[in-house]
Amino acid sequence: MRGGNARSSQQIHDLVKLPLGTDKNEWMAKLVCELTDEVEKLYGTVTEYCTTESCPVMTAGPGWKYLWREKDDDETEQLCARGYISRVLEWAKRILDSEEIFPNEIGRPFPDDFEDKVKKLMSRLFRIYAHCYWYHQEHFKALNTLEHLNFFFTRFIWFAREFDLIGPAELDPIKNIVDKAIRGDLRA
Ligand code: ZN
C-alpha cells in the first residue's frame, strides 16, 4: 500500500472526482472496489489486536454499537468486532462479485438500485474505520501505518462526500476525525 503524506486533502479530493467522460456508475464501482480492498488490508494489519477480549462487541466509542444483519428481514446478531468486520467484508465481496449488481461486462447495465447498494456498502465500510480509529489507532501508530490509515480514510471520506453516500448522522462516531480529514489536519 502506498501512503500519501505529501498529498493535501484537496489533492486527495481530486483523486475521487468523476473524470470527464467517465460513466458515474462505472467510476463508483471502480472506487468502491478499491475502497473495500484498502480497508480490508488496513484492518488486516491490526487484526491480531482486535480480539474477543479487547473488542467483545462491535462498537465505535461508547455511544455506538453495531449489530449484524445480513438482510433487512434477518434477526440481528451481536458479534465481536472481528466477527462483525469479517462478515462485512465477506458480504461486501459477495456484492462486488455479483454480476447483477456490479456488471463486469462492458455495456451491461447497472441495476436501478445501484447507488443504494453503494451507499449500504459505504456505511458498513465506514464502521470499520470508526472502530479502527476508536480502538486501534495506537496499534497503527506502533506499526508505523497510521499515515496509511489517514490517507485511505481521507480518500474514503472524500468519495463519500463527493457522491453523497453516507448521511451526516452516521459519521457521528468519529465526527472529529472526519472533520480533520476534510480540513487536511489528520496527522500521523
Ligand atoms: Zn477491535
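Trainee: Give me the lowdown on the coordination of the zinc ion, citing residues and values where you can.
Mentor: Of the protein atoms, only Cys 50 (SG), Cys 55 (SG), His 131 (NE2) and His 136 (NE2) coordinate the zinc ion, at distances of 2.1 to 2.3 Å. Written as a sequence motif, the donor residues of the zinc ion are C-x4-C-x75-H-x4-H. Separated by 81 residues along the polypeptide, Cys 50 in the loop between α2 (24-46) and α3 (81-97) and His 131 in helix α4 (residues 114-135) bring together distant segments of the chain. Overall, the relative accessible area of 0% leaves Cys 50 in the buried class. Overall, His 131 belongs to the buried group, its relative accessible area being 0%.

Trainee: Break down the packing of aromatic side chains for me, citing the residues and quoting the values.
Mentor: In total, this model carries 14 aromatic pairs according to the counting rule given. Between Trp 68 and Trp 91 the ring centres are 6.4 Å apart and the planes differ by 80 degrees, which places this aromatic pair in the edge-to-face class. One end of the pair, Trp 68, is in the loop between α2 and α3; the other, Trp 91, is in helix α3, and 23 residues separate them in sequence. Residue classification places Trp 68 among the buried positions, given a relative accessible area of 2%. On the numbers, 6.3 Å between centres and 35 degrees between planes, the contact of Trp 134 with Tyr 135 is tilted. Taking the relative accessible area as the measure of exposure, Trp 134 reaches 40% and is therefore partly exposed. Under the relative-accessibility criterion, Tyr 135 is labelled partly exposed at 30%.

Here is what the cut-offs are and how they apply
- Residues numbered from 1 in each chain as written.
- Predicted model: local features only at pLDDT ≥ 70, side-chain atom pairs only at ≥ 80, totals over all residues.
- Heavy atoms only, no water.
- Donors = N, O, S within 2.8 Å, 3.2 Å for Na, K, Ca; no water.
- Helix = DSSP H or I, 4+ residues; strand = E, 2+ residues; numbered from the N terminus.
- Buried < 20%, exposed > 50% of the residue type's maximum accessible area, 1.4 Å probe, protein only.
- Phe/Tyr/Trp six-rings, centres within 6.5 Å; stacked < 30°, edge-to-face > 60°.

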